[in-house]
Amino acid sequence: MNKKDYYEVLGVSKDADDKEIKSAFRKLAKKYHPDVSKEPDAASKFKEAQEAYAVLSDPEKRSQYDRYGHAAFDQMNGGAGFDFSNFDFSDIFSDLFGGGFSGFSSFGGGRNTTRQRGSDKLMRVDLSFEEAVFGCKKTINLDFYENCSECDGKGGKGEKTCSSCHGSGTITREQNTLFGAFMTRTTCPDCNGKGKTYSTVCSKCRGKGKVKTNKDIEVKIPAGVDTGNRLRIASKGDPGYNGGANGDLYLEFRVKDHSLFERDGNDIYLELPLTITDAVLGCKKEIPTLYGNVTISIESGATTGDKHRLKGKGVEDLHSGSKGNMYVIINVVIPDKLDRKQKKLFEELRETDLKTGEFKKIEDYLKKNK
């Protein structure tokens, strides 16, 4: 069945901000709520508006909808479309009808037995340059949640139906508002919407089913990681709800700079200073690499910016395992100060300098224009 566009349902444009979307839903909720509207199709229009608001008010779901339309939620729910039964409309209905109002009895506010996965967590880990390049093992101290060993994650012993809500998970009360008397429904405070309680609440986890644990865990960090890369550690995030799985922990790396090497992706760069003599005459130079020292040949007439490639002396790729290259960049250093002997040698050299065509271009021009 073709569904109506969510933006069209709320009567807003596709670039509407959160305030506009909320305001549009408030108007529709006030108009079509089945407890106040006398229109024959009020229930269906109210449900339609609820679904549109539940999607467009959530940045992630809105992004999915903008990209894939209704198909984004049909695939996740076996073709049944977006499930908004657990969406919290209480702030909207509280503003419209008074505190505690949870919406039309057919939508939401029911027994809260859905397993919900816990949220993911992020931790930043500092690495030295070498640790990132070659990989390492890190011992990390973590606070995380695991099932309580005393109650096996249930929260207590002697399970029974909640006497306050009789297993429904909600409490229904009559409330007087400007629109008349309404039946309001709220989550049962005694069982937190589960519909069941325990004869004995677990003293270790205080009924939560999970306990906070502090442990040192050893993490293997692969070779080739760089600043901003993340590593997933399963089930070490925030605890789930109603027996849901824990979220995951993500380690985000920050790699320190090296005193000599500069990294660009999988390639390594090294600036090699040369004296004027070595640059002019050429030489052999021993240089460091990630994998030990090597000797390279510098041809005569080297200039600043010349680049020498050492194949396979870079960083191992995080996914393919192949290695990048190392590039040696020549920097001819002009001395700031000379001693008497050096100065004399340069004076003698100046007298024997070979003036190439490049020099003569300027000399000839100056002579012509005197």
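Structure report, in brief. Since the model is a prediction, treat every value here as computed from it, not as a measurement.

## Some words on the packing of aromatic side chains
Turning to step 1, where the next piece is worked out: Under the definition given, this model contains five aromatic pairs.
Turning to step 2, where the next piece is worked out: Taking the centre distance of 6.1 Å and the plane angle of 40° together, the rings of Tyr-7 and Tyr-65 count as tilted. Here Tyr-7, found in helix 1 (residues 6-10), pairs with Tyr-65, found in helix 4 (residues 59-68); they are 58 residues apart in sequence, far enough to count as distant. The pair Tyr-7 / Tyr-65 is uniform in exposure class, with both members buried.
Turning to step 3, where the next piece is worked out: Arranged with centres 5.9 Å apart and planes meeting at 85°, the rings of Phe-134 and Tyr-291 form a pair that is edge-to-face. Of this pair, Phe-134 sits in helix 7 (residues 129-134) while Tyr-291 sits in the loop between strand 12 (283-287) and strand 13 (294-298), and the two are 157 residues apart along the sequence.
Turning to step 4, where the next piece is worked out: Overall, Phe-134 belongs to the partly exposed group, its relative accessible area being 41%.
Turning to step 5, where the next piece is worked out: Taken together, Tyr-6, Tyr-7 and Tyr-65 form an aromatic cluster joined through their ring pairs.
Turning to step 6, where the next piece is worked out: If you follow Lys-236 out to its NZ or CZ, it ends over the ring of Phe-144, 4.9 Å from the centre.
Turning to step 7, where the next piece is worked out: The ring centre of Tyr-291 lies 4.2 Å from the NZ or CZ of Lys-323, which sits over that ring.

## Brief notes about the packing of helix 2 (residues 18-32) against helix 3 (residues 42-56)
Turning to step 1, where the next piece is worked out: It is at 9 Å that the axes of helix 2 and helix 3 come closest, and there the two elements cross at 165°. The angle between helix 2 and helix 3 falls in the class roughly antiparallel. Read as a crossing pair, helix 2 and helix 3 show a hand that is left-handed. Here Ile-21, Lys-22, Phe-25, Leu-28, Ala-29 and Tyr-32 of helix 2 come into contact with helix 3, specifically with Ala-42, Lys-45, Phe-46, Ala-49, Gln-50, Tyr-53 and Leu-56.
Turning to step 2, where the next piece is worked out: When its residues are assigned to classes, the contact of helix 2 with helix 3 shows ten nonpolar, one polar and two charged.

## Quick look at unusual backbone geometry
Turning to step 1, where the next piece is worked out: Phi is positive for Asp-152, close to 60°, though the residue is something other than glycine.
Turning to step 2, where the next piece is worked out: Within the secondary structure, Asp-152 sits in the loop between strand 2 (136-147) and strand 3 (156-161).
Turning to step 3, where the next piece is worked out: Look at Asp-152 and you get exposed, because its relative accessible area is 60%.
Turning to step 4, where the next piece is worked out: Positive phi is not limited to glycine here, since Arg-206 has a value of about 55°.
Turning to step 5, where the next piece is worked out: Counting through the fold element by element, Arg-206 comes out in the loop between strand 6 (196-201) and strand 7 (210-221).
Turning to step 6, where the next piece is worked out: A relative accessible area of 72% means that Arg-206 is categorised as exposed.

## Observations regarding helix 2
Along an α-helix, residues three or four apart share an orientation, since each turn contains 3.6 residues.
Turning to step 1, where the next piece is worked out: With 15 residues, helix 2 extends 21 Å from end C-alpha to end C-alpha; this agrees with the ideal 21 Å at 1.5 Å per step.
Turning to step 2, where the next piece is worked out: Regarding helix 2, the residues found buried are Ile-21, Ala-24, Phe-25, Leu-28, Ala-29 and Tyr-32. Along the axis of helix 2, the buried positions cluster into a sector of 135°, meaning they face one direction only. Among the exposed residues of helix 2, those oriented more than 90 degrees off its buried face are Lys-19 and Lys-27.
Turning to step 3, where the next piece is worked out: Two to three positions downstream of the cap, the backbone nitrogen of Lys-19 sits 3.3 Å from a side-chain oxygen, assigning the N-cap of helix 2 to Asp-17.

## Details of the sheet that holds strand 11 (residues 267-274)
Turning to step 1, where the next piece is worked out: With mixed pairing, four strands are arranged side by side in an open sheet as 10-11-15-14. Unpaired on one side and paired on the other, strand 10 (262-264) and strand 14 (307-310) mark the two borders of the sheet. Taking each pair of neighbouring strands and ignoring which way they run, the sheet shows an average axis angle of 30°.
Turning to step 2, where the next piece is worked out: When strand 11 meets strand 15 (residues 326-332), the two strands line up parallel, connected through seven bridges. Each bridged residue has a counterpart across the sheet, and for Leu-272 the counterpart in strand 15 is Ile-330.

## Overview of the pairing of strand 8 (residues 230-233)
Turning to step 1, where the next piece is worked out: Going residue by residue along strand 8, you find Leu-231 and Ile-233 tucked away on one face and Arg-230 and Arg-232 left uncovered on the opposite face.
Turning to step 2, where the next piece is worked out: Two strands pair when backbone bridges link them, and strand 8 and strand 9 (residues 249-255) are joined in this way by four bridges, in the antiparallel orientation. By the bridge assignment, Arg-232 is partnered in strand 9 with Tyr-250.

About the criteria used
- Residues numbered from 1 in each chain as written.
- Predicted model: local features only at pLDDT ≥ 70, side-chain atom pairs only at ≥ 80, totals over all residues.
- Heavy atoms only, no water.
- Phe/Tyr/Trp six-rings, centres within 6.5 Å; stacked < 30°, edge-to-face > 60°.
- Helix = DSSP H or I, 4+ residues; strand = E, 2+ residues; numbered from the N terminus.
- Buried < 20%, exposed > 50% of the residue type's maximum accessible area, 1.4 Å probe, protein only.
- Lys NZ or Arg CZ within 6 Å of the ring centre and 35° of its normal.
- Axes fitted to C-alpha atoms, helices over the stretch in contact; angles between N-to-C directions.
- Parallel < 35°, antiparallel > 145°, perpendicular 65-115°, else oblique.
- Left-handed = near helix turned anticlockwise from the far one by under 90°.
- Contact = heavy atoms within 4.5 Å.
- Nonpolar A, V, L, I, M, F, W, Y, C, P; charged D, E, K, R; others polar.
- Expected span 1.5 Å × (residues − 1).
- Arc of directions from axis to C-beta.
- Polar contact = N/O pair within 3.5 Å; in protein donor to acceptor, adjacent residues only side chain to side chain.
- Pairing = 2+ DSSP bridges.

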